[in-house]
Amino acid sequence: MSFIPGQPVTAVVQRIEILKLREGDNLILGFSIGGGIDQDPAQNPFSEDKTDKGIYVTRVSKGGPADVAGLMMGDKIMQVNGWDMTMVTHDQARKRLTKKSEDVVRLLVTRKSLQDAVRQSMMPR
């Protein structure tokens with residue numbers, strides 16, 4: 001999914017709700033992220049045009065909360081609990097995801113397979 005800075009973004013999104021796993025004082029989500037406006041987009045293996053500075057899921061722990069919820073490696077995180085994640089630094093994204101006061105993380109994500117499915121459904125037969 002490519003975009004032009006300053007222009008509206010059109011995306012096919014999926015809602016994913018992750019219940020954080022409590023281990024002592026820690027809350028476990030079971031996934032890692034990459035990207036952000038302060039990172040080099042050319043290093044992002046999930047960006048098709050290598051200019052996308054979005055936040056992407058880079059790892060999902062098998063059997064962890066994110067895996068159980070349906071999050072997939074390569075998903076682009078568009079929102080976290082209603083907060084826009086399209087123009088944030090890596091650290092801002094990490095802090096939004098790991099708030100100790102929130103036991104549930106509600107994500108809006110987009111993934112290439114969702115985009116492709118919508119494109120195919122719109123093609124004339």
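The rules we used
Residues numbered from 1 in each chain as written. Predicted model: local features only at pLDDT ≥ 70, side-chain atom pairs only at ≥ 80, totals over all residues. Heavy atoms only, no water. Core = buried A, V, L, I, M, F, W, Y, C linked by side-chain atoms within 4.5 Å. Buried < 20%, exposed > 50% of the residue type's maximum accessible area, 1.4 Å probe, protein only. Helix = DSSP H or I, 4+ residues; strand = E, 2+ residues; numbered from the N terminus. Contact = heavy atoms within 4.5 Å. Polar contact = N/O pair within 3.5 Å; in protein donor to acceptor, adjacent residues only side chain to side chain. Lys, Arg positive; Asp, Glu negative; His and termini not counted. Salt bridge = Lys/Arg side-chain N within 4 Å of Asp/Glu carboxyl O. 1 Å grid on protein atoms, 1.4 Å probe; cavity = no way out; pocket = protein on both sides within 12 Å on 5 of 7 lines; lining within 4 Å. Points joined across faces, edges and corners; volume = space filled by probe spheres on them. Nonpolar A, V, L, I, M, F, W, Y, C, P; charged D, E, K, R; others polar.

## Observations concerning the nonpolar core
- In this structure, Ile 18, Phe 31, Leu 71, Ile 77, Leu 97 and Leu 107 are the most contacted members of the largest nonpolar core, which totals 18 residues.
- For this core, the elements supplying multiple residues, two or more each, are strand S1 (14–19), strand S4 (31–35), strand S5 (55–60), strand S6 (76–80), helix H2 (90–97) and strand S8 (104–110).
- Among the elements that make up this core, the one with the highest residue count is S8 (three residues).
- In this structure Phe 31 touches Ile 18, Val 57, Arg 59, Val 60, Ala 66, Leu 71, Ile 77 and Leu 97, once residues within four positions along its chain are discounted.

## Remarks on the environment of Asp 84
- Take Asp 84: it is sitting in strand S7 (residues 83–84).
- Between the C-alpha atoms of Asp 84 and Leu 108, which are 24 residues apart in sequence, the distance is 9.4 Å.
- Residue contacts for Asp 84: discarding those within four places in its chain leaves Met 78 and Gln 79.
- Here the side chain of Asp 84 touches Thr 86 through a polar contact of 2.9 Å, side chain to side chain.

## Some details on the side chain of Lys 20
- Tracing the backbone shows Lys 20 in the loop between S1 and strand S2 (21–23).
- The charged side chain of Lys 20 is buried without a salt bridge, its nearest counter-charge being Glu 102 at 4.9 Å.
- In this structure the side chain of Lys 20 is engaged in a polar contact, spanning 3.3 Å, whose partner is the backbone oxygen of Leu 97.
- For Lys 20, the contacting residues outside a window of four places in its chain are Leu 27, Ile 28, Leu 29, Leu 97, Thr 98, Lys 99, Glu 102, Asp 103 and Val 105.

## A look at the layout of surface pockets
- By volume, the second largest pocket amounts to about 160 Å³.
- Surrounding the second largest pocket, Leu 27, Leu 29, Phe 31, Ser 32, Ile 33, His 90, Arg 94, Leu 97 and Thr 98 form its lining.
- Going through the elements one at a time, S4 and H2 are the ones with two or more residues in the lining of the second largest pocket.
- The residue inventory of the lining of the second largest pocket, partitioned by class, reads five nonpolar, three polar and one charged.

## What about the environment of Val 104?
- Residue position: Val 104 is located in strand S8.
- For the pair formed by Val 104 and Asn 81, sequence separation is 23 residues and the distance between their alpha carbons is 8.6 Å.
- Val 104 has contacts with Glu 17, Ile 18, Leu 19 and Asn 81, leaving out every residue within four places of it along the chain.

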